[in-house]
Amino acid sequence: MNNVYTLGLRWTTATNCAIFIATTPLWTYAGGLCLGMEVLDRLWQYRAAGFFLAILGAMVVQLGRAQAATDAAGSQFFRLFGNIVVLFAVCAISAYYLVVRSLASKYSAITITFVAQVSAFVYSLGIIVCMLAAEEAVPHETWATVVARLDLSQDVLFSGVYAGVCINVVCFGIEAWALRHASPGTVALFTALDPPITAVLSVVFLHERAGVSLFAGGALIICGLFVNAGVEEYVEKEGKKAAGAQRRGGGELVNAGRGGGGGGGSGGGGISSPISS
């Protein structure tokens, strides 16, 4: 999926990519509704408001950071093609949430993450081999010269290891665990925190300027998450109340049945006495 994002950025703008990425929770929630993983209950207006605030906040932060990268090379056709590629990547990550949610009840988060990362490694390795083979097919090129031009410095290798361990294994493992306990839409909604956290880290480590979009977008995202969390907590409490009332009602029916049986026995005894006499 990250490869598809990168491929789409080759033809479209960073702004368009930011907008599409921010809609990931929306596509995930829509897919969950179609597959029955999400419930369209009477509080759907509040859920929609939470999603809207979080997505809007993510867009504000991303657009503020992508203002300097609005020019993209290529024609209008290739820009449209890049938008389609990025949208495909967004739908792919949404589908990932839905698939993991369906498997979370059967398999552990470690098993799901392991299979996903092995599949991603094989897929990425195949792409790298094909690209190197294409470069090696160029006249006067060999595998040694191709690998030498990759410039695998210490920083590049460290970044690759960090991305493979922290991003792929840790992050996807946490997401798999979270999807076992929460709905896909709720888990996907927390991806809206990526833009403001990235912006804050950029200010701290890369000394970028913190614009108004960071604070405005971050406030919108936090409000959206609080709204959605409040709805989830309310639904959980109502579910526990309903389950408790059902258990109490079942107990009362059992006690009533026992009492009726005892009354029938005593009534039978009362009838048999005059007959025996």
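Basis of the calculations
- Residues numbered from 1 in each chain as written.
- Predicted model: local features only at pLDDT ≥ 70, side-chain atom pairs only at ≥ 80, totals over all residues.
- Heavy atoms only, no water.
- Helix = DSSP H or I, 4+ residues; strand = E, 2+ residues; numbered from the N terminus.
- Buried < 20%, exposed > 50% of the residue type's maximum accessible area, 1.4 Å probe, protein only.
- Contact = heavy atoms within 4.5 Å.
- Areas by Shrake-Rupley, 256 points an atom, 1.4 Å probe, with all protein chains shown as cover.
- Core = buried A, V, L, I, M, F, W, Y, C linked by side-chain atoms within 4.5 Å.
- Expected span 1.5 Å × (residues − 1).
- Arc of directions from axis to C-beta.
- pLDDT = per-residue confidence, 0-100.
- Patch = residues over 30% accessible without salt bridge, like charges linked within 9 Å, V, L, I, M, F, W, Y side chains within 5 Å.
- Salt bridge = Lys/Arg side-chain N within 4 Å of Asp/Glu carboxyl O.
- Phe/Tyr/Trp six-rings, centres within 6.5 Å; stacked < 30°, edge-to-face > 60°.

## Here we look at the overall build of the chain
So, step 1. Along its length, the chain carries eleven helices and zero strands.
So, step 2. Starting at the N terminus and walking to the C terminus, you meet the elements of the chain as α-α-α-α-α-α-α-α-α-α-α.
So, step 3. Per-residue burial for the chain yields a buried fraction of 28% across its 277 residues.
So, step 4. Within the chain, residue pairs in contact and separated by at least 24 positions form 83% of the contacts whose partners lie at least 6 positions apart.
So, step 5. About 17500 Å² of surface is accessible on the chain, with carbon and sulfur atoms providing 70% of the total.

## A closer look at the nonpolar core
So, step 1. Formed by I93, Y96, Y97, V100, A109, I112, F172, A176, A178, L179, V187 and A188, the largest nonpolar core amounts to twelve residues.
So, step 2. For this core, the secondary structure elements donating two or more residues are helix 5 (76-104), helix 6 (109-136), helix 8 (154-181) and helix 9 (184-189).
So, step 3. Core analysis: the second largest hydrophobic core is formed by nine residues, Y29, A54, L189 and I221 among them.

## Some details on the side chain of T24
So, step 1. Within the element layout of this structure, T24 appears in helix 3 (residues 24-35).
So, step 2. Taking the relative accessible area as the measure of exposure, T24 reaches 4% and is therefore buried.
So, step 3. Setting aside residues no more than four positions away along its own chain, T24 makes contact with V90, I93, S94 and Y97.

## A word on helix 3
So, step 1. Its twelve residues give helix 3 an end-to-end C-alpha distance of 17 Å, which sits within 8% of 16 Å, the value for a rise of 1.5 Å per residue.
So, step 2. For helix 3, the full list of buried residues reads T24, P25, T28, Y29, G31 and G32. Projection of helix 3 onto a plane perpendicular to its axis shows the buried side chains occupying an angular sector of 165°, all on one side.
So, step 3. Where helix 3 terminates, the next one or two residues include G36, which has phi positive at roughly 80°.

## Focus on the confidence of the model for the chain
So, step 1. Of the residues in the chain, 72% reach a pLDDT of 70 or more, and the chain-wide mean stands at 74.
So, step 2. For the chain, per-element mean pLDDT is lowest for helix 7 (residues 143-148), which scores 66, and highest for helix 3, which scores 85.
So, step 3. Scored below 50 in pLDDT, residues 68-73 makes eleven contacts in the model with residues more than four places away or belonging to other chains.
So, step 4. Between residues 263-277, whose pLDDT stays under 50, and residues either more than four places distant or in other chains, the model counts zero contacts.

## Details of the environment of A120
So, step 1. Among the secondary structure elements, A120 is positioned in helix 6.
So, step 2. Residue A120 is classed as partly exposed on the basis of its relative accessible area, which comes to 33%.
So, step 3. A120 sits 48 residues away from N168 along the chain, and the two C-alpha atoms are 9.3 Å apart.

## Description of a nonpolar patch on the surface
So, step 1. Where nonpolar side chains cluster on the molecular surface, the patch consists of F114, V115, V118, F121, V122, L125 and V129 and spans about 670 Å² of accessible area.
So, step 2. Here V118 lies in helix 6.
So, step 3. Among the residues examined, V118 registers a relative accessible area of 38% and is labelled partly exposed.

## Topic: the environment of C91
So, step 1. Residue placement: C91 occurs in helix 5.
So, step 2. With a relative accessible area of 33%, C91 lands in the partly exposed category.
So, step 3. Spatially, the C-alpha atoms of C91 and W27 are 6.7 Å apart, while their sequence positions differ by 64 residues.

## Focus: the packing of aromatic side chains
So, step 1. For the coordinates displayed, the defined rule picks out three aromatic pairs.
So, step 2. Measuring from centroid to centroid gives 4.9 Å for Y29 and F51, while their planes differ by 45°, and the two rings are tilted. Of this pair, Y29 sits in helix 3 while F51 sits in helix 4 (residues 44-65), and the two are 22 residues apart along the sequence.
So, step 3. Taking relative accessible area as the criterion, Y29 reaches 12% and is therefore assigned buried.
So, step 4. Ring pairing ties together the aromatic residues Y96, Y97 and F172, which thus form one cluster.

## Observations concerning helix 10 (residues 194-205)
So, step 1. End to end, helix 10 covers 16 Å across twelve residues, agreeing with the expected 16 Å (1.5 Å per residue, within 8%).
So, step 2. What helix 10 keeps buried is the set P195, P196, A199 and S202. Projection of helix 10 onto a plane perpendicular to its axis shows the buried side chains occupying an angular sector of 120°, all on one side.
So, step 3. After helix 10 finishes, the residue H207 shows a positive phi value of roughly 60°.

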